[in-house]
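# Overview (structure and organization)
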Amino acid sequence: MSKQPLSPQETAKKHAAEAAIPFIEKGSIVGVGTGSTVNYFIDALAAIKFDLEGAVSSSDESTRRLKALGIPVYDLNGVPEISVYVDGADEINRHLQMIKGGGGALTREKIVAAVAKRFICIADKSKFTKQLGDFPLPIEVIPMARSYVARELVKLGGDPVYREGFVTDNGNIILDVHHLDILKPIAFEEILNNITGVVTNGLFAARPADIALLSDGSSIETLKR
Ligand SMILES: O=C[C@H](O)[C@H](O)[C@H](O)COP(=O)(O)O
């Protein structure tokens, strides 16, 4: 059976993902995010796997893909340093602050991003936005705190929706918060972190990306902080 051609958006994701390859240092352990854009990055990584020591992964899904392609995956606890972390985003603004977690991997992604010296965001151009918040903000929550956290989110002006049937790699649930007016992302990220029962929120503002590679399918726009 012949392969279906990629849609324009998938072409742009693949193009952005491949543009991250030159940033990977020889002999390094690369931090690998999660999602459909990162899946293209993992495929591209396989072509240079003999130049790599391996990867640290941000989800069970990415780990499975990396291992299937013969790329060794290390436990973050045994890796003192990650030079580059590559991940996608659900939204990104001009300060390279992001909303992430559409695939529910936000907690491990934030941990690997915290360790990495450089965070490279790969995305198709539709993810670029002036103001974060059109994409419902994912929040990972300890299951018994679900209703309490939801009430607190309503007080903050949000409209939380329980992601039914979804359990994170850490055994928790996700609330997707709609209709948020995120005017001050760093301050808002901290407010959300202070709600008891919240494990992680999907605002990556205190630790934004360092470089964004945004593709329209034919050219790459590189944004830097
Ligand atoms: O939990 C998922 C991650 O934060 C993804 O990086 C994000 O959802 C973007 O995914 P995609 O590349 O599939 O649009």
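What this report covers is the structure whose coordinates are included nearby. None of the values given here were measured: they were computed from a predicted structure. (Residues numbered from 1 in each chain as written. Predicted model: local features only at pLDDT ≥ 70, side-chain atom pairs only at ≥ 80, totals over all residues.)

### Structural notes on the sheet that holds strand β9 (residues 173–178)
Pairing is antiparallel in the open sheet, where four strands are placed in the order β8-β9-β7-β10. Looking at which strands have only one partner, the edges of the open sheet turn out to be β8 (159–162) and β10 (198–201). Adjacent strand axes in the sheet meet at a mean angle of 30 degrees, parallel and antiparallel pairs treated alike. Sheet analysis places β8 next to β9, joined by four bridges and oriented antiparallel. Within β9, the position partnered with Pro160 by the bridge is Val177. With respect to the sheet, helix α4 (residues 106–115) is in contact with β7 (137–141) and β10, its orientation differing from that of β10 by roughly 65 degrees. Of the strands in this sheet, β7 and β10 touch helix α6 (residues 185–193), which is tilted by about 160 degrees from β10. (Pairing = 2+ DSSP bridges. Helix = DSSP H or I, 4+ residues; strand = E, 2+ residues; numbered from the N terminus. Axes fitted to C-alpha atoms, helices over the stretch in contact; angles between N-to-C directions. Contact = placed C-beta atoms within 7 Å.)

### Details of the nonpolar core
In terms of nonpolar packing, the biggest core is built from 56 residues, with Phe41, Val86, Ile120, Cys121 and Ile122 touching the most fellow members. Element by element, the count of residues in this core is highest for strand β6 (residues 116–124), at six residues. In this structure, Val86 is in contact with Ala20, Val30, Gly31, Val32, Gly33, Val38, Phe41, Ile120 and Ile122, ignoring residues within four places of it in sequence. (Core = buried A, V, L, I, M, F, W, Y, C linked by C-beta atoms within 7 Å. Buried ≥ 20, exposed ≤ 12 C-beta atoms within 10 Å, placed from the backbone.)

### What about the site of the ligand?
Residues in contact with the ligand amount to 17 residues; listed here are only the nearest, Gly35, Thr37, Gly88, Gly102 and Gly103. Mapped by element, the contributors of at least two residues to the shell around the ligand are α2 (36–46) and α4. (Near = placed C-beta within 6 Å.)

### Brief notes about the pairing of β9
Across the six residues that make up β9, a large majority, five, are buried. With five bridges connecting them, β7 and β9 associate as antiparallel partners. Looking at β9, one finds that Ile139 is bridged to Leu175.

### Regarding α6
For α6, the complete set of buried residues consists of Pro185, Phe188, Glu189 and Leu192. Projected down its long axis, α6 carries its buried residues within an arc of 105 degrees, all on one side. If you follow the buried residues of α6, they end up packed against β7, β10 and β11 (203–204). (Arc of directions from axis to C-beta.)

### Quick notes on the environment of Thr196
Within the secondary structure, Thr196 is located in the loop between α6 and β10. Residue classification places Thr196 among the exposed residues on the basis of 9 C-beta atoms within 10 Å. Sequence separation of Thr196 and Tyr148 is 48 residues, and the distance between their C-alpha atoms is 8.6 Å.

### Section: the packing of α2 against helix α3 (residues 60–68)
Two elements in contact, α2 and α3, have axes separated by 10 Å at closest approach and are oriented at 20 degrees. Relative to α3, the element α2 lies roughly parallel. Judged by the twist between their axes, the crossing of α2 over α3 is right-handed. For the pair α2 and α3, the contacting residues are Val38, Asn39 and Ile42 in the first and Ser62, Arg65 and Leu66 in the second. (Parallel < 35°, antiparallel > 145°, perpendicular 65-115°, else oblique. Left-handed = near helix turned anticlockwise from the far one by under 90°.)

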